Amino acid sequence: MQTDKFKSEIETLKKFFELHCMDNHKNQKHHCKQLIYNDEKINTDLELCEDCIHLIHYSFDRLIECPHDPKPRCRTCPSPCYEKSEWKKVAKLMRYSGIQLGILKIKKFFRIKKN
Ligand SMILES: [Zn+2]
């Protein structure tokens, strides 16, 4: 996949992980993670608890290894690379944050409509 696509995938993971972690876990710490993709260094700042840090590093590794181009949604991938237990955790938090972000978007929409 292109580096830009990779970066946007990283941003999406970060956003979804952080939202879920803030709402459901405690003791978030600041982490700075450097990833190397297509010989480019990508720095990302994470605000997550220890468990989520482990899980998002795992997700980053899977993404780096992803052989598909274009990358399908992981949910519809013909050759899923996540271990089942890890996938369950990630799928759950992505669904949670997806709903939250959906709600936020709807709220914003209605606020604009009223004005
Ligand atoms: Zn967490």
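Residues numbered from 1 in each chain as written. Predicted model: local features only at pLDDT ≥ 70, side-chain atom pairs only at ≥ 80, totals over all residues. Heavy atoms only, no water.

Asker: Got a sec to walk through the overall build of the protein chain? Specific residues and values, please.
Answerer: For the protein chain, the count of helices and strands is three helices and two strands. A principal-axis box enclosing the C-alpha atoms of the protein chain has dimensions of 45 × 35 × 30 Å. For the protein chain, contacts bridging at least 24 residues in sequence account for 60% of all contacts bridging at least 6. A total of about 8200 Å² of accessible surface is found on the protein chain, and carbon and sulfur atoms cover 52% of it. Charged side chains of the protein chain number 23 positive and 16 negative; the gap between the two group centres comes to 11 Å. (Helix = DSSP H or I, 4+ residues; strand = E, 2+ residues; numbered from the N terminus. Contact = heavy atoms within 4.5 Å. Areas by Shrake-Rupley, 256 points an atom, 1.4 Å probe, with all protein chains shown as cover. Lys, Arg positive; Asp, Glu negative; His and termini not counted. Charge placed at Lys NZ, Arg CZ, Asp CG, Glu CD.)

Asker: An account of the layout of surface pockets is needed here, citing residue identities and associated values.
Answerer: When its volume is computed, the largest pocket comes out at roughly 780 Å³. Around the largest pocket, the lining comprises 26 residues; the ones closest to its centre are Arg73, Cys74, Arg75, Trp87 and Met94. For the lining of the largest pocket, the secondary structure elements donating two or more residues are helix H1 (3–24), helix H2 (50–65) and helix H3 (84–114). Across the lining of the largest pocket, the residue classes break down as 15 nonpolar, five polar and six charged. By volume, the second largest pocket is sized at about 240 Å³. (1 Å grid on protein atoms, 1.4 Å probe; cavity = no way out; pocket = protein on both sides within 12 Å on 5 of 7 lines; lining within 4 Å. Points joined across faces, edges and corners; volume = space filled by probe spheres on them. Nonpolar A, V, L, I, M, F, W, Y, C, P; charged D, E, K, R; others polar.)

Asker: Break down the packing of aromatic side chains for me, citing the residues and quoting the values.
Answerer: Following the criterion strictly, the structure yields three aromatic pairs and no others. With a centroid separation of 5.5 Å and an interplanar angle of 70 degrees, the aromatic rings of Tyr58 and Tyr82 are classed as edge-to-face. Placement of the pair is Tyr58 in helix H2 and Tyr82 in the loop between H2 and H3, with a sequence separation of 24 residues. Tyr82 sits in the buried class, given a relative accessible area of 15%. Residues Tyr82 and Trp87 carry aromatic rings whose centres are separated by 5.2 Å and whose planes lie at 65 degrees to one another, so their mutual orientation is edge-to-face. Relative accessible area serves as the criterion here: at 27%, Trp87 is assigned to the partly exposed category. (Phe/Tyr/Trp six-rings, centres within 6.5 Å; stacked < 30°, edge-to-face > 60°. Buried < 20%, exposed > 50% of the residue type's maximum accessible area, 1.4 Å probe, protein only.)

Asker: Quick one: what's the story with the coordination of the zinc ion, residue by residue and with numbers?
Answerer: Only Cys21 (SG), His25 (ND1), Cys49 (SG) and Cys52 (SG) from the protein reach the zinc ion as donors, at distances of 2.0 to 2.3 Å. Considering all four donor atoms around the zinc ion, the spread of angles at the metal, 100 to 116 degrees, places the coordination shape in the tetrahedral class. One chain supplies every donor for the zinc ion, spaced along it as C-x3-H-x23-C-x2-C. Here His25 is found in the loop between H1 and strand E1 (29–37), whereas its partner Cys52 is found in helix H2, with 27 residues between them in sequence. On the accessibility criterion, His25 (29% relative accessible area) is partly exposed. (Donors = N, O, S within 2.8 Å, 3.2 Å for Na, K, Ca; no water. Tetrahedral: all angles 85-135°; square planar, octahedral: opposite > 155°, others 65-115°.)

Asker: I'd like a rundown of the nonpolar core, residues and numbers included.
Answerer: Taken as a class, soluble globular proteins show a tendency for nonpolar side chains to be buried jointly. Core analysis: the biggest nonpolar cluster contains 25 residues, and Phe6, Phe17, Leu48, Ile56 and Phe60 have the highest contact counts within it. Listing elements by their share of this core, those giving two or more residues are H1, E1, strand E2 (40–48), H2 and H3. By residue number, the principal contributor to this core is H2, which donates seven residues. Every residue in contact with Ile56, bar those within four places of it in the chain, is listed here: Leu13, Lys14, Phe17, Leu46 and Leu48. (Core = buried A, V, L, I, M, F, W, Y, C linked by side-chain atoms within 4.5 Å.)

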